[in-house]
Structure formats: C-alpha cells, structure tokens
Amino acid sequence: MRSLASCYSEHAIKVSDSYCSGPSDQACLSPYQTPSIPSAVSCMYKVDVLSQRILFIILTWCNKLLSHGLSINVSDSVSSPSKINADFHHLRKRKGSKTFQSCNSKIEVFWDLSSAYYDPGPEPISGFYVVVSVDSELALLLGDMDEEATSLQGLKTNSPQLRSSMVSRSEHFSGNSIYSSKAQFCDSGKAHDVLVKCSGEEDGLKNPVLTVCIDNKTIFQVKRLKWNFRGNQTIFLDGLLVDMMWDLHDWLFKEDSGYAVFMFRTRSGLDSRLWLEENLDQKGQDRAEFSFFICACKNPE
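What you see is a predicted model, and the numbers here were worked out from it, not measured in a lab. (Residues numbered from 1 in each chain as written. Predicted model: local features only at pLDDT ≥ 70, side-chain atom pairs only at ≥ 80, totals over all residues. Heavy atoms only, no water.)

Draft legend 1. Representation of the overall build of the protein chain in the model. The secondary structure content of the protein chain amounts to three helices and 20 strands. Within the protein chain, the proportion of its 301 residues that are buried is 50%. Look at the contacts in the protein chain between residues 6 or more apart in sequence, and 51% of them connect residues 24 or more apart. (Helix = DSSP H or I, 4+ residues; strand = E, 2+ residues; numbered from the N terminus. Buried < 20%, exposed > 50% of the residue type's maximum accessible area, 1.4 Å probe, protein only. Contact = heavy atoms within 4.5 Å.)

Draft legend 2. Focus on a negative patch on the surface. On the surface, Asp-144, Asp-146, Glu-147 and Glu-148 cluster together into a patch of negative charge. Its location among the elements puts Glu-147 in helix α1 (residues 146-150). The class of Glu-147 is exposed, set by a relative accessible area of 68%. (Patch = residues over 30% accessible without salt bridge, like charges linked within 9 Å, V, L, I, M, F, W, Y side chains within 5 Å. Areas by Shrake-Rupley, 256 points an atom, 1.4 Å probe, with all protein chains shown as cover. Salt bridge = Lys/Arg side-chain N within 4 Å of Asp/Glu carboxyl O. Lys, Arg positive; Asp, Glu negative; His and termini not counted. Charge placed at Lys NZ, Arg CZ, Asp CG, Glu CD.)

Draft legend 3. Representation of the nonpolar core in the model. Ile-57, Leu-59, Ile-72, Val-109, Leu-113, Val-130 and Val-132 are the most contacted members of the largest nonpolar core, which totals 29 residues. If you list the elements that add at least two residues to this core, you get β2 (40-49), β3 (53-63), β4 (68-75), β7 (105-112), β10 (129-134) and β11 (137-143). Of all the elements, β2 adds the most residues to this core, at five residues. Within the second largest apolar cluster, 28 residues are counted, among which are Cys-198, Val-242, Phe-264 and Phe-292. (Core = buried A, V, L, I, M, F, W, Y, C linked by side-chain atoms within 4.5 Å.)

Draft legend 4. Focus on the packing of aromatic side chains. A full pass over the atoms with the stated rule returns eight aromatic pairs. Centre to centre, the rings of Phe-173 and Tyr-179 are 5.4 Å apart; their planes meet at 55°, and the pair counts as tilted. For Phe-173, a relative accessible area of 1% gives the class buried. The rings of Phe-185, Phe-264, Phe-290 and Phe-292 are connected pair by pair, giving a single aromatic cluster. (Phe/Tyr/Trp six-rings, centres within 6.5 Å; stacked < 30°, edge-to-face > 60°.)

Shape descriptors only; they carry no functional weight alone.
If you want it as structure tokens, here you go:
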C-alpha cells in the first residue's frame, strides 16, 4: 500500500460539501456496536539530551497469546511508523532492567509490570512504571509508581528530568471497522475520545461511509467512500489546527488483507502546508506537531 502522506502535496485533495457533512449531535455508536481492541500501540517520545542533542525513544506495547509485551528503540532521527526498521530491544520479563548502547549513549531501562492493570488493549493504565535513562540522566518516566521508580539504584534522581514530550502515537487494530482511542494533541490540552467508524448507511457496505467522532460528537462524515477513499479534513481542536487524513483504498478493494490508515496531525499555523513525509527528517527535530495514527485491518490477523 502506498504511504499515506505520499498521496498528498501542496495541492492535496480537499474535502468538499459534496461528500463531507459537518458536525452533528447524532450518537456515534449504537448500543449494539463494540469497537475493536488494539493489538499494538507504539509511542514516540522526543528527549532533549544535555549534550545539545535530541533523541527519540519508541516504546511498543503489544498483546501476545498469553501475556503483554513491551519493546524499546532509541534513535537520533525521527521517522514515520511505516519506515521504522531499527533494532528493537524486547523487554521479556514482567520486571527487570536492561542496558544497551545507542546513538553514542548508554541507555538504561527499568520497568515493573508485575502489578500492572490493563484495560482492553496492550497498554497498562495503572500499577506500573517504565523508566528510561540516557547516560544516567532521567529521560522518561511513565506509570503511576513514581516513588518506586525514582528510588532505583544508579539513577541520577537529584538532577532535573530531561525534557521529553510525545510526538507520535500509533495504534494497530484488526477485526471490525470501529476504532476507538484517546489522544492528547498538545501538552496543555486534555485527552480526547477519538472514534473512527467505517460503515454502510442502509445497504450494508455497498455505500460505505466514514464517520469521525471526537468526545462523543460526530465531527464529520465522508460519503461515497469508494470514490473518496483518500482525502483530508481540517479540525479545530484545543486552539490547534488538526489535519485528519485517511487512506482506505486497500481496505475497500482488497478482500483478504485490506488495510486502512487514518492520521491526525497538528500544525502550527493557518498557512501551514499539510505534513509531508519526505520533510520529516529535515524538519522533525524542530517541529512541535503531534501525530496520531490508526492502522486497521478489516480481518483478524
């Protein structure tokens, strides 16, 4: 499948009223509809290292047959999730530590998932910690067990934590065509409920419709989806412009292994162009934008 971002340019397809309706208060889900559960979640964090460098820490949570899995990668360049081919380090135990070299730095990871609580999905929501240090400086602290995490031996907890922020989140689904998640598009904003649904109106999937809901309100719908299988719509949220882009070509036209990709990405100004994948490496380290991907397979993998 073609890369989503490569389908767009300065003259990208614009959503028009002929196939996109505006906000409404209609219910996003009926009582009989259940969203898919993600099988993997990848989060990319940007860390400003004291040596005037920028590193990117990628944590991937996944559902395994009988347990949950976690892996980590550290890189000095940013890339879209579809282009990441770096060496991931798998953290196989429920509690432990791991040390490795990356980007000319000593990376240490400490984690405790032995009491973690999971809502449906691979990512824990409480009872855990994950700590990442770069050259013994605290770079990333996740979870709700701060006291246990900051008491780890060998960690410089008396110095300020390195500045870090999430720049990308990617969720992978398989199963039905309803995808529900949460996303925080800026540090000062709240976490929003995001729901993307592909469905037919009255004729099953003969006339599929794309519905996008935020905080239980329908933001827009895209009709005649077999003609409009790629496109974009701009949303104003938390004082930010958020471009929502979709690519449903394979999902609609490949019966056995159809994939769909949805991307939400913030941009900083009214005159900003749509994000282009080829500009990531050049501009990614200076950009404050956040991207949220939903990658979906219509059949169980």
